[in-house]
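# A closer look at the structure
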Amino acid sequence: MSRKPRPPLAGLVDDLYYLEGTPPYPRLWLPPMPSAVLIINLGAPFRIRAGAEAAEYADGCVLTTPTRAFAFGYPPGTRSVGVHFKPWGLAPFLTMPAAELCDLPVTVEQVWGRAGVAALRDRLATAAGPYEMLTSLEDELLRRLRETAGLELVRHTSGLIEAAAGGVAIGDLSAAAGVSSTHLAQRYKALIGVTPKRLARTYRFAATVSAIDPAGPVNWAELAGRAGYFDQAHFSHEFRTFTGLTPTRYVDVRRRFLNEHPGHALDVGPLPAD
């Protein structure tokens, strides 16, 4: 189950969710998306592979907006609660610049401390049900929410990038905001972990894959043009950068997911890794 948070978290968080059961595949490949994630694990440890590095996460993990794909390895039965943040939404809950965590998953304890996370996990484990668990997690976020310098600038300009599905000139954004491109990039790195240009590329990729219907034929030239890619070569290069796959291979894998798990909540985004 998932639900939207109440203000003031609504401007920072897309949703809070509860996950329990057997995942559709033992390993899922997660391409970069314009989102940051916090997971509080309540079951057996899961594994995350980032490039050549893999590690187990028992208490949970924190992921800032990524620039590369991650492989999640799930136990046979998984149980967790989590938060899908807007790209800028995690910053008020971090104790370090987001750039230090870019493409580097860390445990929740590394961000919030062992004692605080242990107490939160105890409250979640003894909650009456999923709704109460999400309420407890929401209360924890409200308690930890802090003022963050530059957040309104990054939130506003990121909202314009999102509204344009990545098709916006970054120079125009900084000029309209009355700051230099260098200052804007510095604020993005500190609060999101990536530059405005990289975030725009991620939004464009996300909008592109959301527009694909794997159940039918795909007009790649039309899709690439509508998304604003220069040409087919640029389009294919971006797909390889974000997924490690060609566009046609990506759709083949999506079709496999669709055929094996029709109607599953994860049928857009995550891909079978095996």
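The following paragraphs examine the structure supplied in this document. The structure presented is a predicted model; accordingly, all values stated were derived computationally and were not measured.

Within this structure, the stated rule accounts for 14 salt bridges. Residue D14 pairs with K86 through a salt bridge whose shortest N-O separation is 2.8 Å. Of this pair, D14 sits in strand β2 (residues 13-21) while K86 sits in the loop between β9 (78-85) and α1 (108-112), and the two are 72 residues apart along the sequence. Overall, K86 belongs to the buried group, its relative accessible area being 18%. Between R255 and D252 there is a salt bridge whose closest N-O contact spans 4.0 Å.

Moving on to the sheet that holds strand β5 (residues 46-50). Spatial ordering of the open sheet is given by β6-β5-β8-β3-β10, a layout of five strands whose pairing is antiparallel. Of all the strands in the sheet, just β6 (53-57) and β10 (271-272) have a single pairing partner and so form its edges. Where β5 and β6 come together, five bridges link them in antiparallel fashion. Bridge pairing in β6 links R49 to A54.

Looking now at the packing of helix α4 (residues 151-163) against helix α7 (residues 196-210). Where α4 contacts α7, the axes come no closer than 9 Å and their chain directions differ by 35°. α7 is crossed by α4, and the crossing has right-handed handedness. The residues of α7 that touch α4, namely those facing S158, I161 and E162, are P196, L199, A200 and Y203. Partitioning the contact of α4 with α7 into residue classes produces five nonpolar, one polar and one charged.

Another point: the nonpolar core. With 44 residues, the main nonpolar core has I40, V62, V81, V83, F85, W112 and L141 as its most contacted residues. Look past the residues within four positions of V81 in its chain and what remains in contact with it is Y17, Y18, L38, I39, I40, L124, M133, L134 and L137. Counting residues in hydrophobic clusters, the runner-up holds 15 residues, among them W220, A224, F242 and L271.

Glancing now at the pairing of β9. In terms of burial, β9 is a largely internal element, six of the eight residues being buried. Sheet analysis places β2 next to β9, joined by eight bridges and oriented antiparallel. Bridge assignment links D15 to a residue of β9, and that residue is H84.

What follows is about helix α6 (residues 181-191). Along α6, the positions that sit buried rather than exposed are L184, Y188 and L191. Projected down its long axis, α6 carries its buried residues within an arc of 80°, all on one side. Where α6 is buried, its residues contact α4, α5 (170-177) and α7. Where α6 terminates, the next one or two residues include G193, which has phi positive at roughly 105°.

For the rest of this paragraph, the subject is the sheet that holds β2. The five strands are arranged β1-β2-β9-β4-β7 in an open sheet whose pairing can be described as antiparallel. The open sheet is flanked by β1 (2-3) and β7 (60-63), the only strands paired with a single partner. Direction of pairing for strand β4 (residues 36-41) relative to β9: antiparallel, over a ladder of six bridges. In the strand pairing of β9, I39 is matched with G82.

Turning to the packing of α4 against α5, a few remarks are in order. Two elements in contact, α4 and α5, have axes separated by 11 Å at closest approach and are oriented at 140°. The orientation of α4 relative to α5 falls into the category oblique. Crossing angle aside, the handedness with which α4 passes α5 is right-handed. On α5, the residues that touch L153, T157, L160 and I161 of α4 are I170, L173 and A177. Looking at side-chain class alone, the contact of α4 with α5 contains six nonpolar, one polar and no charged residues.

Turning our eyes to something else, we now look at the environment of T195. Locating T195 in the fold gives a position in the loop between α6 and α7. Residue T195 is classed as partly exposed on the basis of its relative accessible area, which comes to 30%. Between the alpha carbons of T195 and R3 there is a distance of 29 Å; along the sequence they are 192 residues apart. Look past the residues within four positions of T195 in its chain and what remains in contact with it is Y188 and K189.

A cis amide bond links P7 to the next residue, P8, at an omega of 5°. Relative to the assigned elements, P8 resides in the loop between β1 and β2. The phi angle at D103 is positive, at roughly 60°, despite the residue not being glycine. Assessed through its relative accessible area of 13%, D103 is described here as buried.

The rules behind the values
- Residues numbered from 1 in each chain as written.
- Predicted model: local features only at pLDDT ≥ 70, side-chain atom pairs only at ≥ 80, totals over all residues.
- Heavy atoms only, no water.
- Salt bridge = Lys/Arg side-chain N within 4 Å of Asp/Glu carboxyl O.
- Helix = DSSP H or I, 4+ residues; strand = E, 2+ residues; numbered from the N terminus.
- Buried < 20%, exposed > 50% of the residue type's maximum accessible area, 1.4 Å probe, protein only.
- Pairing = 2+ DSSP bridges.
- Axes fitted to C-alpha atoms, helices over the stretch in contact; angles between N-to-C directions.
- Left-handed = near helix turned anticlockwise from the far one by under 90°.
- Contact = heavy atoms within 4.5 Å.
- Nonpolar A, V, L, I, M, F, W, Y, C, P; charged D, E, K, R; others polar.
- Core = buried A, V, L, I, M, F, W, Y, C linked by side-chain atoms within 4.5 Å.
- Arc of directions from axis to C-beta.
- Parallel < 35°, antiparallel > 145°, perpendicular 65-115°, else oblique.

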